Amino acid sequence: LPEVPTMAVEKVFVYNNTSIVQDEILAHRLGLIPIKADPRLFEYRNQGDEEGTEIDTLQFQLKIKCSRNPQAAKESSDPNELYFNHKVYSKHMTWVPLGNQTDLFPDADFRPVHDDILIALLRPGQEIDVLMHCVKGIGKDHAKFSPVATASYRLLPDITLLQPVEDEAAEKLQKCFSPGVIEIQNIKGKKVARVANARLDTFSREVFRHEGLKNLVRLARVRNHYIFSVESTGILPPDVLVSEAIKILMGKCQRFLNELDSVPME
């Protein structure tokens, strides 16, 4: 979450902004838009460099102006009919290659992850004309570089039925757990509960509120089975993010071992 790098808008050059959104607010909103670009293709920009190069910077342009729709009905009050370009979306950001990036990335499709991110609202005569520089960074420096929305882990639930649970008790037991955890089978005319998929359980512990059921079930966790949940912002797939994070962790471990080896033993 804080150390896997991504590309994000770092500098915004405002040539014209007559919208009601102030320049600094506009720059902040642009910085939070996730950019679909593999950060492994780029280098970190050197500290103090003002001008970007093709190996460390992606350049985007946002140039849009709102105008009236002459074909709109006179009695209409819907902005979607009255105006052209009154909503500025992330899809209006266009990649402007720097240097020889066209040759370096012939098949690249650098763009925002989502096309429908609303940036600003305009009215006739208002326009936005900005140039953006995207650089490589990590979430430890700024949250806009974080490649994931949420990242968490939990232990695998272990649910054991201590004795057969049948008929009404089985149906009641099923309602105590998340959908899919407990299923009811028909065995010799009786409804019998069984654990179908313990992984779906959220450990609500609802079953312990019922006197007739709490002694029939044992809830535990498998101590060596972790379930990781990684929700990507769309810049990179979750499996790639996890593998990149593991590489960073391995690098930290290796540096630690090297420092241990370099310390003289008394």
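Keep in mind it's a predicted model, so treat the numbers as computed, not measured.

About the thresholds
Residues numbered from 1 in each chain as written. Predicted model: local features only at pLDDT ≥ 70, side-chain atom pairs only at ≥ 80, totals over all residues. Heavy atoms only, no water. Helix = DSSP H or I, 4+ residues; strand = E, 2+ residues; numbered from the N terminus. Rg over C-alpha atoms; globule rule 2.2 N^0.38 Å. Buried < 20%, exposed > 50% of the residue type's maximum accessible area, 1.4 Å probe, protein only. Contact = heavy atoms within 4.5 Å. Areas by Shrake-Rupley, 256 points an atom, 1.4 Å probe, with all protein chains shown as cover. Lys, Arg positive; Asp, Glu negative; His and termini not counted. Charge placed at Lys NZ, Arg CZ, Asp CG, Glu CD. 1 Å grid on protein atoms, 1.4 Å probe; cavity = no way out; pocket = protein on both sides within 12 Å on 5 of 7 lines; lining within 4 Å. Points joined across faces, edges and corners; volume = space filled by probe spheres on them. Nonpolar A, V, L, I, M, F, W, Y, C, P; charged D, E, K, R; others polar. UniProt positions renumbered as here; feature names shortened; annotations may be inferred. Pairing = 2+ DSSP bridges. Axes fitted to C-alpha atoms, helices over the stretch in contact; angles between N-to-C directions. Salt bridge = Lys/Arg side-chain N within 4 Å of Asp/Glu carboxyl O. Domains from an automatic or database assignment. Phe/Tyr/Trp six-rings, centres within 6.5 Å; stacked < 30°, edge-to-face > 60°. Lys NZ or Arg CZ within 6 Å of the ring centre and 35° of its normal. Patch = residues over 30% accessible without salt bridge, like charges linked within 9 Å, V, L, I, M, F, W, Y side chains within 5 Å. Expected span 1.5 Å × (residues − 1).

(A) View of the overall build of the chain. The secondary structure content of the chain amounts to 5 helices and 14 strands. For 266 residues, the compact-globule formula gives about 18 Å, and the C-alpha radius of gyration of the chain, at 28 Å, lies well above that figure. For the chain, the residues scored as buried account for 34% of the 266 residues in total. Expressed as a percentage of contacts within the chain between residues at least 6 apart in sequence, the contacts between residues at least 24 apart total 75%. Roughly 16,700 Å² of accessible area belongs to the chain as shown, and the carbon and sulfur atoms make up 51% of that amount. Averaging the coordinates of the 33 positive side-chain charges in the chain and doing the same for the 37 negative ones gives two points 9 Å apart.

(B) Looking closely at the layout of surface pockets. Its volume calculated, the largest pocket comes out at about 460 Å³. As for the largest pocket, its lining consists of 19 residues, of which L1, P2, V4, A245 and I246 are closest to the centre. Mapped by element, the contributors of at least two residues to the lining of the largest pocket are β11 (148–161), β14 (217–232) and α5 (238–262). Per-element tally for the lining of the largest pocket: the top contributor is α5, with 7 residues. Considered class by class, the residues forming the lining of the largest pocket number 15 nonpolar, 2 polar and 2 charged. Elements represented by at least two residues in the lining of the second largest pocket include exactly β1 (6–17) and β10 (127–137). Broken down by element, the lining of the second largest pocket gets its largest block of residues, 3 residues, from β10. Here the lining of the second largest pocket is composed, by residue class, of 3 nonpolar, 5 polar and 8 charged.

(C) Summary view of the environment of L213. Relative to the helices and strands, L213 resides in the loop between β13 (190–195) and β14. Distance in space between the C-alpha atoms of L213 and S90 is 54 Å, their sequence separation being 123 residues. With near-sequence residues (within four places) excluded, L213 lies in contact with A169, K172, L173, C176 and V207.

(D) Just the UniProt feature "domain: DNA-directed RNA polymerase RpoA/D/Rpb3-type" (unreviewed entry) in the chain, in detail. Residues annotated by UniProt as "domain: DNA-directed RNA polymerase RpoA/D/Rpb3-type" (unreviewed entry) correspond here to residues 2–259. In this annotation, residues 2–259 is assigned 19% helix and 35% strand; the end-to-end C-alpha distance for the span is 23 Å.

(E) Highlighting the sheet that holds strand β3 (residues 58–65). If you walk across this open sheet you meet the 4 strands as β1-β10-β3-β7, and the pairing is antiparallel. Edge positions in the open sheet fall to β1 and β7 (94–95), since each of these has one partner strand only. Judged from the 10 bridges that link them, β1 and β10 form a sheet pairing that is antiparallel. The residue bridging V14 from the neighbouring strand is V130, located in β10. Docked against the sheet, helix α1 (residues 23–31) engages β1, β3 and β10, running at close to 150 degrees with respect to β1.

(F) Focus on the pattern of salt bridges. In the structure shown here, the tally under the stated rule is 12 salt bridges. For K140, the salt bridge goes to E3, with nearest N and O atoms at 3.6 Å. One end of the pair, K140, is in the loop between β10 and β11; the other, E3, is in the segment before β1, with 137 residues separating them in the sequence. On the basis of relative accessibility, which here comes to 21%, the residue E3 falls in the partly exposed class. In this structure, K191 and E171 form a salt bridge, with 2.6 Å as the shortest nitrogen-oxygen distance. Here the residue K191 occupies a position in strand β13, and E171 occupies one in helix α4 (residues 167–175), the gap between them amounting to 20 residues. Here the salt bridges do not stand alone but share partners, grouping D38, R40, E244 and K247 into one network.

(G) Highlighting the domain arrangement of the chain. Under the domain assignment used here, the chain contains domain 1 (5–146) and domain 2 (159–216). Distance between the C-alpha centres of domain 1 and domain 2: 52 Å.

(H) Here's a closer look at the packing of aromatic side chains. Per the stated rule, a full pass over the model turns up 7 aromatic pairs. An aromatic cluster is defined as three or more aromatic residues linked by ring pairs; in this entry it consists of F42, W95, F105 and F110. Cation over ring: K136 sits above Y44, and NZ or CZ is 4.9 Å from the ring centre.

(I) View of a nonpolar patch on the surface. The grouping of Y153, Y226 and F228 at the surface amounts to a nonpolar patch, some 410 Å² of accessible area in total. Summarising the element assignment, Y153 is placed in strand β11. Judged by relative accessible area, which is 56%, Y153 ranks as exposed.

(J) Inspection of α5 at higher detail. Compared with an ideal rise of 1.5 Å per residue, which puts 25 residues at 36 Å, α5 spans 36 Å between its outermost C-alpha atoms and is within 8% of the ideal. Among all positions of α5, only V240, L241 and E244 are buried. Buried residues belonging to α5 abut β11 and β14.

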